[in-house]
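Analysis of the macromolecular model
The chain contents come next:
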Amino acid sequence: MTASPTDSAPTRFGVMGTGRITRRLVADLQSTDAVSVTAIASRSQERADWFASQYGIPAAVEGYQALLDRDDIDAVYLSLPPSLHADWCVRAAEAGKHILCEKPLATSADQANQIAQACQRFGVRWLDATGWLHHRRTAAMRALASGGRLGRLGHITAAVSFYRPFQSGEHRLDPELGGGCLLDLGWYTAGLACYFAGRSPNRVFADCIEENGVPLRTNAMLWFDDDLTASFSCGYDTATRKWFEVAGSDASVICDDFTRPWAERPTRFWVHDANGEVQAHESSDRQEQRMIQALIGQQPLEAFNQLALQTQTVLDALAESARLRQPVPVHADVSPDAPSPSC
Ligand SMILES: NC(=O)C1=CN([C@@H]2O[C@H](COP(=O)(O)OP(=O)(O)OC[C@H]3O[C@@H](n4cnc5c(N)ncnc54)[C@H](OP(=O)(O)O)[C@@H]3O)[C@@H](O)[C@H]2O)C=CC1
Ligand SMILES: O=C1CO[C@H](CO)[C@@H](O)[C@@H]1O
């Protein structure tokens, strides 16, 4: 196995894929303390060379396995289409590399569990690249929800959309590559509901409007025990939305940019109470750097890992519900006692 993340030596990352998000995350990796980006892999040597020259990465390799075979890589950042995540994460674990895998972690709960099991077997750390969970306002918002400020929690609602964020050969429109808004954006909204509920729903319903055989818009309903409910809408046919509300008997917490803060604005959220009083909170942070630090540090990642597995299970149930056009139970095999992410 390759070196463990330590406080003393920089963690050397290799990058798989040269797509849209790769550019941003490579910059985030390069601006995180104790991290270096050593190599980038593409299906094409020419593209790897181009990317390496643009981003000052020392090595460019053709093929993802060639990256995993290198001794100068401790960890990988994997930004491939969703249907390729499980296979390459398992191979990365077998090669002893720690893993930062883009969301959605996989395309099914079975695949997600295979990743978790391989990482456990080969003693590597892993995280899904769900940056918002690592922003410090996230923990602050949940502390309000779980600490009684909102009263008894009743309903969580969220909307995440981007208007046709498509390029040529777009994986989001290809069912074989794990396309569709349910996996891509439902990852955020279903994960948010589980995060604030602190548990899995018992039952879900989803309705999808499709294009090219993938969900273009999904509206969903989730039922938890104790009469807590959640609903969300996500899709590629409305303008950018990334908001949620957690509503309790006394007040609500509202955030209008939870997946990634709007650029060049204060990072905010609000508490609205029953008398129309509004408290605004501001807290800026660099969520991707904190996410990377969590992976390369020593802190337990179990809570993040459990939430990812739980989210994937809920997405399986939502997809089944959309297929059957009726509510379905959620077969959660994640321990209800699993800790919740708290950083
Ligand atoms: N965390 C976030 O904020 C965001 C996360 N994402 C996630 O990141 C992942 C990648 O998304 P994005 O960067 O938009 O995707 P892109 O389509 O832009 O890039 C995907 C890359 O994967 C590689 N690849 C390997 N096999 C295939 C294939 N069969 N078809 C297409 N590409 C392939 C390609 O790199 P090469 O040819 O060089 O090998 C390609 O550049 C997704 O899981 C997505 O959900 C996306 C946007 C934001
Ligand atoms: O996670 C994501 C956030 O923004 C994108 C829009 O560009 C999504 O489609 C994407 O996968």
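Residues numbered from 1 in each chain as written. Chains lettered and ligands numbered in written order. Predicted model: local features only at pLDDT ≥ 70, side-chain atom pairs only at ≥ 80, totals over all residues. Heavy atoms only, no water.

- Going by an unreviewed UniProt entry, the protein carries the name 1,5-anhydro-D-fructose reductase and comes from Stieleria neptunia.

Details of the UniProt feature "domain: Gfo/Idh/MocA-like oxidoreductase N-terminal" (unreviewed entry) in the protein
- Mapped onto this structure's residue numbering, the UniProt feature "domain: Gfo/Idh/MocA-like oxidoreductase N-terminal" (unreviewed entry) falls at residues 12-125.
- For residues 12-125, helix accounts for 45% and strand for 22%, while the C-alpha atoms at its two ends are 14 Å apart. (UniProt positions renumbered as here; feature names shortened; annotations may be inferred. Helix = DSSP H or I, 4+ residues; strand = E, 2+ residues; numbered from the N terminus.)

With respect to the sheet that holds strand β11 (residues 241-248)
- In space, the nine strands of this open sheet follow the order β14-β13-β12-β11-β7-β10-β9-β8-β15, with mixed pairing throughout. Of all the strands in the sheet, just β14 (278-282) and β15 (328-329) have a single pairing partner and so form its edges.
- Here strand β7 (residues 153-161) runs beside β11; their pairing, made up of eight bridges, is antiparallel. Bridge pairing in β11 places Ile 156 opposite Val 246.
- In the packing of helix α10 (residues 302-324) onto the sheet, contacts are made with β8 (203-211), β9 (214-223), β10 (229-235) and β15, and the angle to β8 comes to roughly 65 degrees. (Pairing = 2+ DSSP bridges. Contact = heavy atoms within 4.5 Å. Axes fitted to C-alpha atoms, helices over the stretch in contact; angles between N-to-C directions.)

Here's the deal with unusual backbone geometry
- In the segment running from Lys 103 into Pro 104, the intervening peptide bond is cis, with an omega of -10 degrees.
- Structurally, Pro 104 can be placed in the loop between β5 (98-101) and α5 (109-122).
- The phi dihedral of Asn 212 falls on the positive side, at around 60 degrees, and the residue is not glycine.
- Summarising the element assignment, Asn 212 is placed in the loop between β8 and β9.
- Even without glycine at this site, Arg 325 takes up a positive phi of about 60 degrees.

Observations regarding the side chain of Arg 125
- Locating Arg 125 in the fold gives a position in the loop between α5 and β6 (126-128).
- Since its relative accessible area comes to 18%, Arg 125 is described here as buried.
- Reaching out from Arg 125, the side chain makes a polar contact with the backbone oxygen of Ala 294 at a distance of 2.8 Å. (Buried < 20%, exposed > 50% of the residue type's maximum accessible area, 1.4 Å probe, protein only. Polar contact = N/O pair within 3.5 Å; in protein donor to acceptor, adjacent residues only side chain to side chain.)

Quick look at the site of ligand 2
- Looking at ligand 2, the residues that line it are Lys 103, Phe 162, Pro 165, Arg 172, Asp 184, Leu 185 and Tyr 188.
- At a separation of 2.9 Å, an oxygen atom of ligand 2 approaches a polar side-chain atom of Arg 172.
- Between ligand 2 and Asp 184 there is a distance of 2.5 Å, counted from an oxygen atom to a side-chain nitrogen or oxygen.
- Against a free-state accessible area of 300 Å², the protein chains account for coverage of 77% of ligand 2.
- Of the residues in the shell around ligand 2, the class split is four nonpolar, no polar and three charged. (Near = heavy atom within 4 Å. Areas by Shrake-Rupley, 256 points an atom, 1.4 Å probe, with all protein chains shown as cover. Nonpolar A, V, L, I, M, F, W, Y, C, P; charged D, E, K, R; others polar.)

Describing the pattern of salt bridges
- For the structure on display, the rule yields 14 salt bridges.
- In this structure, the salt-bridge partner of Asp 184 is Lys 103, at a minimum N-O distance of 2.6 Å. Taken together, the residues Asp 184 in helix α7 (residues 181-184) and Lys 103 in the loop between β5 and α5 connect sequence positions 81 residues apart.
- Among the residues examined, Asp 184 registers a relative accessible area of 9% and is labelled buried.
- Accessibility expressed as a relative area gives 11% for Lys 103, which makes it buried.
- Residue Arg 199 pairs with Asp 225 through a salt bridge whose shortest N-O separation is 2.5 Å. Taken as a pair, Arg 199 in the loop between α8 (186-197) and β8 and Asp 225 in the loop between β9 and β10 lie far apart in primary sequence, 26 residues in all.
- A residue is classified by how much of its surface remains accessible, and Asp 225, at 37% relative accessible area, is partly exposed.
- Among the charged side chains, a salt-bridge network with shared partners connects Arg 20, Lys 103, Glu 170, Arg 172 and Asp 184. (Salt bridge = Lys/Arg side-chain N within 4 Å of Asp/Glu carboxyl O.)

Observations regarding the sheet that holds strand β3 (residues 59-62)
- Taken together, the six strands give an open sheet; going across it, the order is β3-β2-β1-β4-β5-β6, and neighbouring strands pair in parallel fashion. Each of the sheet's edge strands pairs with one partner strand only, and the pair in question is β3 and β6. Neighbouring strand axes in the sheet, compared pairwise and without regard to direction, differ in orientation by 20 degrees on average.
- With respect to the sheet, helix α2 (residues 45-55) is in contact with β2 (35-42) and β3, its orientation differing from that of β3 by roughly 165 degrees.

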